[in-house]
Structure formats: C-alpha cells, structure tokens
Amino acid sequence: MIRARYAQAADIFAEALDRPEPDRESFIADACEGDDELRSTVESLLRSDADASFLDTPYTHYDSGAIENIDRLDRAVAVGHYRVKGRIALGGMAAVLLAEQENPHREVALKLLFLDGTASDTLTGEAAALGRLQHPNIARVYEAGTATVTLDDGDSFTASYIAMEYIQGVTLADFATSKTLDRRDVATLLLSIAGAIGHAHQRGVVHRDLKPSNILVDHDGGPHIIDFGVGIVRDGNTSSTASSLAGTISYMAPEQLLGQLDRIDTRADIFALGAIGYELIAGKPLHAGVEHLDDAVMARIVESSPAAGATFRAQAGGQLARVLRRATEPSLDRRYQSASEFAEDLRRVIDGRPLDADDASAVRALAFYARRHKAAAGAIVVVFVTLAAAVAVTLAASSATERALVLAESSREDAAQQALHSERIADFLKASFLGVDPEELGADVTLFDAIDYASGRIHRDLADVPEVEADVRGAIGFVYRRHGRYADALEQIRIAHRLHSATLGPTHPRTLGSAEELGYLTWLYEGDPEAALAELNGVIDVRANNPDVLHDGLGWIHMKVAAVAFAIDNPRLAAEHLDLAQPLLVGQYGEVYAARTIRQMAMVHLALGETDEALRLAQQALAMCEHAAEQEYIAERARLSLGSILITQGDIDEARKILNTALIGFDLLLGKQSLEAAATLVQLAWLELESGDPAQAQMYATRAAEIRRSLLATHHPEVLEAEAVMAVCIAATSSDYFDTLTAAFDTMERAYGPDHRESLRVLRAAAQIANAAGDSHSTRRFTDSLRVLESRRIARVNSTNADENNR
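Residues numbered from 1 in each chain as written. Predicted model: local features only at pLDDT ≥ 70, side-chain atom pairs only at ≥ 80, totals over all residues. Heavy atoms only, no water.

Some points on the nonpolar core
Considering soluble globular proteins, one finds that nonpolar side chains tend to be buried as a cluster. Of all hydrophobic cores here, the largest spans 110 residues; its most connected members are Tyr486, Val728 and Leu741. Not counting chain neighbours up to four residues away, the residues in contact with Leu741 comprise Val728, Ala731, Ala766, Ile769 and Phe782. With 48 residues, the next largest nonpolar core counts Ala194, Ala268, Ala307 and Val323 among its residues. (Core = buried A, V, L, I, M, F, W, Y, C linked by side-chain atoms within 4.5 Å. Buried < 20%, exposed > 50% of the residue type's maximum accessible area, 1.4 Å probe, protein only. Contact = heavy atoms within 4.5 Å.)

Here it is, written out as structure tokens:
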C-alpha cells in the first residue's frame, strides 16, 4: 500500500516538473484532489529535487508575507545582532546571508527561513540539538531563533534564522569537476565525511539528504557538511521523526524511495555516502537517467546497485568497488551497519590493506549445498581445484631446478613448515567453498562468485601466515588477470608483492615472480609504461646480478618488456628483448613457443616500415601454431598481426577475412569483452575507413572503446586511442571535420605523444579526410604536421637504437 501511494505521488511529481513553476501549485492541488498527505509527499519530492539544497527546509508552513520578504532581502543591513555583509544564496524557501557577529567576533552563514510560529519553535529545538555537533567536517550551528530583519530604509520584518559556521570553499560536485580525483582521493574524502556522519549518528542525528551540493570543500581539500535541513533528531529533549518523504532521488536509499519512513535510520546516510562515492568515481549519479519513478524503475533500484557492475569495478578498482557496493546495498541487513564500519574499510583501501568484511555467511552445510545445487557445486569444485593447483605451483616454485634447490636446502623444520602451510591453504579453500551460499547468491554461482568470496576473506583467515597469504593472493591475482579483471588482479598482486618482500626478501624467486606480475599489470591496467619497465627491468637485473637466483621464467619477463616497449613505440628495444626471449621459451617449452616471439617480431618490423618482412614473419607464426595443440590463443594473435599488416599493404579484402576470423576466435576463447577483441575491432575500424565505410568503422571503434573503458583505467593510452579512432570515424561523415580531427590528434598526443606511430596514423587519416572534402588548406596543415612528426619519429627510433648499442 505504501509503495502504491508513493508511486502515485511520484507520477504527480514527474508531471509537475514538466510544468512552469507558477502553474505547479494549482496543478498539484487538482491532482491530489484534497488528499493532504499525498500533496505533502509531492511537495517534499519537489523540494528534494531542487539543486540549492542548502536552502531546503522540511517544513511546509510559510508565513503569508514570505515571498515579499525574500524579495526585500537584498536591502537587509542587520538580522538581530548580526550585521549583514552580503548574500551567499537565495531560494524560494530560504536565503543564506554572509553576516558578522560582534561578540564573539566572527563571520557566519545566516540561514533565514520564513515559517509560522509553531514550525519556528520546532526548528529552534532541532537547531539546539544540531548545535551540539562539534566535528571538524561539520559546519557548526551556533544558534537559532527568530529575529528582526532591518532594511536599509529602516523598515523591518521578522524571520526565523540559523547562524552557522561560514565555510569558504566550493561544493563537492564543483571540486570533483575541477580536479582529477583518483580512487585514493575519493576514499580519503569519503573517510572524512563518514567520520562526520558517524559523529552525528552517535548524537542521535540522521542527515537523510547527503549529496555533493550539501558538502563544501575548503581550500585545503577538507570536506564540510553544511546542512542538516531534513535531518531526524532523536534526543532526550527533542524528538523529530521522518514525517514526510525527504531527500534527493540519486542519493536516497531504497527504504526512503519506497516511503518506508519507519525503517529510515543511520544506514540511509551510509547509502548516500556510497552513492556520492559512486558518482565521484563514475562521473554520473548512481541512478543516472531516472526521470520518472514508475514501478519498473523502482524495482530496479530496490533490487540491485550499479556499483556491482563490471564497468564500475574497473573504474574504482576491486577494493573500493566492493566497499561502495556494500554501502549501496538495497538490503538494509547487507549494507554497512554503521559509519565507523564503513570508515574502517575505507582506511583499508587508503592504506592498501585487504578488506576484512565478508559478503556472505562463512559456514553452510556442504551436503545441503551439493544436494540442492549439484551443477553449481561441481563448478565451484573445479574453481577451487584450479585455484589450489595454482597455489601449489606457486608454493612449489617455478621450475624443477628451483624445487631441487629448495629440497637440498630444506631442513626437517622447513618441511614441517611447508606441510603446515599446505594445511592452512587446504583449510582456507574448504572454508571459502562452504561460504559461497546459494541461499544468498542463487543457484547460478559462477567461477568468480567463488573466487571473489575467497579473496574477500584471505586476510582474516591467513593474516598470521603472511607468506601463505601472499601466495594465495598471487594465485588469485593471476587468475583475475587471465580472465580480464585487471583492476582486481592489480590489487591482489600489489598486496602479494608487499608480503613476499617482507617475508621472503627482495631476491627470493616468489618475490621476483610477484614483482614481474606487478610490473606487467602496471602497464596492462594503469597504462604506466615507465613504472612497468622499471619493475620488469628490476627483476631482470636481480636475476642477472645474483647467481643464486635461477633464470627459469626469464623468457616471459623479456616478452613482457617487449610488449610494453612496442606499445610505447620503441621497436628497437622490443626487438632486443624478443631476441633474448625466444631461445629461453623454446628451451623450456619447445619449438612451437617461438611463434609468440615471431608474431611480435612481425609487428616490430611493421613499426619499422619493413612490411614485407613483417608479412613473412606473421604468416610463419600462424603456420607454426594454427594446428598445434593448445595454441589457439596465439594463433588468433597471429591472425590479428597478419590482418594489421595486410591493411598497410592495401589488401583490404584478405585483411577483413582474417580479422573477422580472429574476432570470432577471441570471442570463443575469451568472451566478447576482452582486450584482444578490442584490439581487433580497432584494426577493423581502420580497415573500414580505408574501404570507404566510415559508419561501419565507427561501429567497430565504438565497441572497442566500450570494451576498453570497462576493463582499463580511464586514462589508459589504449582507452584514449579507441576514442581517438572513434572521433576520426565521426569526422569522416561530418562537416565539422577539422575540429573533430584536431581533437582526435590531441587525444592521441595525450595517450602516446605526438610522434607515436598511432598518432601519425591519425594524422594521415586526417589529411585523407580533408583532401576528400576538397579542403586544400586543412590538407596542407595536416600534411605539414605529419611530415615534421614522421621525421622526428625516425630520429627518435634511430637515436634509441644508437643509445642501446652504446650501452
């Protein structure tokens, strides 16, 4: 019944928004047909929708002269014993003035409200309770009451007021727009706000309308909550309950949206904090695009949180995404139960420590689970067998020779310790398996439901054995990376490397293994080539300078350095490491593994302009692995390379056939949301541009951009590259092509630099598009820039080669 009443109010509210403000009052009166409770709910929604939240008030009783008095506020010189210095904000319900108090001498924000006597008395009582909130991140309430407003001509009127601490700053929304906030910045801001809200909760105050416009950020970056205008105060002397719907839709908890007023408590504020965090990371509100609260929209809001999505997880990183997902849980029981609990997990995110919070119960009957969900149970058994095997491989070391050394140097105590570690891993996997509860997660439990649950409890179960914790995290991180969950992989590997370094030392093989993964993921997810190369080269140097550290696995490290070097357009460096990698891989795994280095070497020759040799090598790599057992992935990579080379040679039809085959192969092997699929789509976009079908090209580029945005950090060069290619496709059919093409090149310059091979490819396309449009001036500008930058690139590549030879 409550939900139906709220839906009725929401419909009237939505229609009222579409009408001019002068007509809204009469429309609402007619639509509510004398139902005062319904009308009050609609008016609450309208107030909550207003952007100027600092001017909102939960009351609906206004003095008959309020509108006239608001119009005269520009002429106010004093409010009681406060001297007016200027106006901060003005709205239909209240005004905020900058004023000066003589004793004690200070500036204050004076909020004036035009209410009847009864409402004023209630406001004064609540302000007294709010005045006891003394926290550095809450704007203090000094006093409240009624006072005479004196105008410059001596005229006056009476108004209710609240005198508050004056904060110089900008709203959180404006602060976020003006800054580039990373996930640590967001977590730090939320931690400060959570501390303030926790302080209010401990004193019986629930805010109910937390949102970015209710939070000011000062010049030092500190946030301050500036308005508790619709708060609930529960106090020994004052008791105000939520008697009407209040809040702002994008930040309202489901129990607020459903009008379940008796269920609104401190957890509504935690939901709002999570929604604010989501918006700061995602750049859009939690319920973006919601204009009409019909039953379908309501059902979606109360059943799931957008913070659970894969795209958001990639943007926020695994830890912060899990924290915000839990904060915005529709279910009250599964949400954080207190601001302090929320704050503690934020501290863990900031410190890079693992989360302790579990998402589900830890103990369930295995027999009951297996009996009711045989298919899901079987799937999870496979998951944990795979995970256990990965951990076992990690524990056993990376080669037969290393195992021999370990055995030779192990004492009886070492063997006992290893047995204990194995037992702890077995216990951990068993508890994790039992904790994936079908009653909460449903019958369709996936591989990553199980692994996510395991990763959430690692620290709690294994903190006393940090070496084992590091190994488990390393194994889970490896699985995450191989399945395209790069943000989660980086999170696990970063912790694993720190623990390995602390427990085993910097030169231990397992420490070097986690350092290698960390370096590669630093490029793969964050797109930071300098940090990636520093980490990877550091591993190579340690192995080279320490004869006791074995060189098995070194071939893969050289492959990863080559991949990063090629990505940043250093083909000479890439070739050097490929030459080092090939004999190592072939020696360990057999001749077929040479296909990996040969395929990459083909792309190096393409980058150097040696297309015939590039074509020969790509065809050789494909022939080596096309029909070899368990080489399907590298066969598709070889097809991707071959298709890219054929585009440069102008063989469009053959390139299209090969690239489409590769795309199908990647979709079958990795799913439709893989980086390999995105790379193939980018090449198909270039191909269709060459063949004169910019609409099809744009479709491919758009899909590539969507995939990369969902998997990589937003500033990753490959994300920017896909966006730039998309812009080139748009320019090909636009009359405003010059500005669009210029913007595309600027994007590539931010991604890779102006003389990167892919930046020059954008310039070539720009010159062709301008030429096709008959625009000789723009064609010349693009061509001249291209000529200069091509010369610069040649000099850079040759200079890099000379520097390496001198070393």
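Comments concerning unusual backbone geometry
The step from Asn103 to Pro104 runs through a cis peptide bond, and the omega angle for that step is 0°. Relative to the helices and strands, Pro104 resides in the loop between strand S3 (94–101) and strand S4 (106–113). For Glu33, which is not glycine, the phi torsion reads 50° and is therefore positive. By secondary structure assignment, the location of Glu33 is in the loop between helix H2 (21–32) and helix H3 (36–49). Since its relative accessible area comes to 71%, Glu33 is described here as exposed. Of note in this structure, Asp569 is not a glycine but carries a positive phi near 65°. For Asp569, a relative accessible area of 1% puts it in the buried group. (Helix = DSSP H or I, 4+ residues; strand = E, 2+ residues; numbered from the N terminus.)

Some remarks on the confidence of the model for the protein
Confidence in the prediction of the protein, expressed as mean pLDDT, is 77, and 72% of residues score 70 or more. In the model, residues 234–245 has pLDDT below 50 throughout and makes 28 contacts with residues more than four positions away in sequence or in other chains. Low confidence marks residues 801–807, where pLDDT is under 50. Its contacts with residues over four positions away, or in another chain, come to five contacts. (pLDDT = per-residue confidence, 0-100.)

Comments concerning the packing of aromatic side chains
With the rule as written, the count across this model stands at seven aromatic pairs. Measuring from ring centre to ring centre gives 5.7 Å for Trp556 and Tyr589, while their planes differ by 55°; the resulting arrangement is tilted. Placement of the pair is Trp556 in helix H24 (residues 554–567) and Tyr589 in helix H25 (residues 571–589), with a sequence separation of 33 residues. Assessed through its relative accessible area of 26%, Trp556 is described here as partly exposed. When its relative accessible area of 37% is taken as the criterion, Tyr589 is described as partly exposed. A connected cluster of aromatic rings, assembled from ring pairs, spans Trp556, Tyr589 and Tyr593. A cation sits over an aromatic face here: Arg106 above Tyr142, 3.5 Å from the ring centre. (Phe/Tyr/Trp six-rings, centres within 6.5 Å; stacked < 30°, edge-to-face > 60°. Lys NZ or Arg CZ within 6 Å of the ring centre and 35° of its normal.)

Let's talk about the pattern of salt bridges
Under the defined criterion, the tally for this structure stands at 35 salt bridges. The partner of Glu516 in a salt bridge is Lys560, and the shortest N-O contact between them spans 2.7 Å. With Glu516 in helix H22 (residues 509–524) and Lys560 in helix H24, the pair connects residues that are 44 residues apart, well separated along the chain. Looking at Lys560, the relative accessible area reads 11%, which means it is buried. A single network of salt bridges, built from pairs that share partners, joins Asp569, Asp755, Arg757, Glu758, Arg761, Arg793 and Arg796. (Salt bridge = Lys/Arg side-chain N within 4 Å of Asp/Glu carboxyl O.)

Some words on the side chain of Thr597
Relative to the helices and strands, Thr597 is located in helix H26 (residues 594–607). When its relative accessible area of 1% is taken as the criterion, Thr597 is described as buried. Of note is the side chain of Thr597, whose polar atom sits 2.9 Å from the backbone oxygen of Ala594. (Polar contact = N/O pair within 3.5 Å; in protein donor to acceptor, adjacent residues only side chain to side chain.)

Observations concerning helix H30 (residues 675–690)
The end-to-end C-alpha distance of H30 is 23 Å, a good match for the 22 Å that 16 residues give at a rise of 1.5 Å each. Counting buried residues in H30 gives 14 out of 16 residues, a clear majority hidden from the surface. Count one or two residues on from H30 and you reach Gly692, which has phi positive near 90°. (Expected span 1.5 Å × (residues − 1).)

Describing the pairing of strand S6 (residues 156–165)
The side chains of a regular strand alternate between both faces of the sheet. Across the 10 residues of S6, seven count as buried, placing the element largely inside the fold. Sheet topology note: the S4/S6 ladder contains six bridges and is antiparallel. Looking at S6, one finds that Val108 is bridged to Glu165. Bridge count between strand S5 (residues 141–151) and S6: nine bridges; the pairing is antiparallel. For Gly145, the partnering residue across the bridge sits in S6 and is Tyr161. Counted between consecutive antiparallel strands, the loop separating S5 from S6 contains four residues, among which Gly154 sits at a positive phi close to 90°. (Pairing = 2+ DSSP bridges.)

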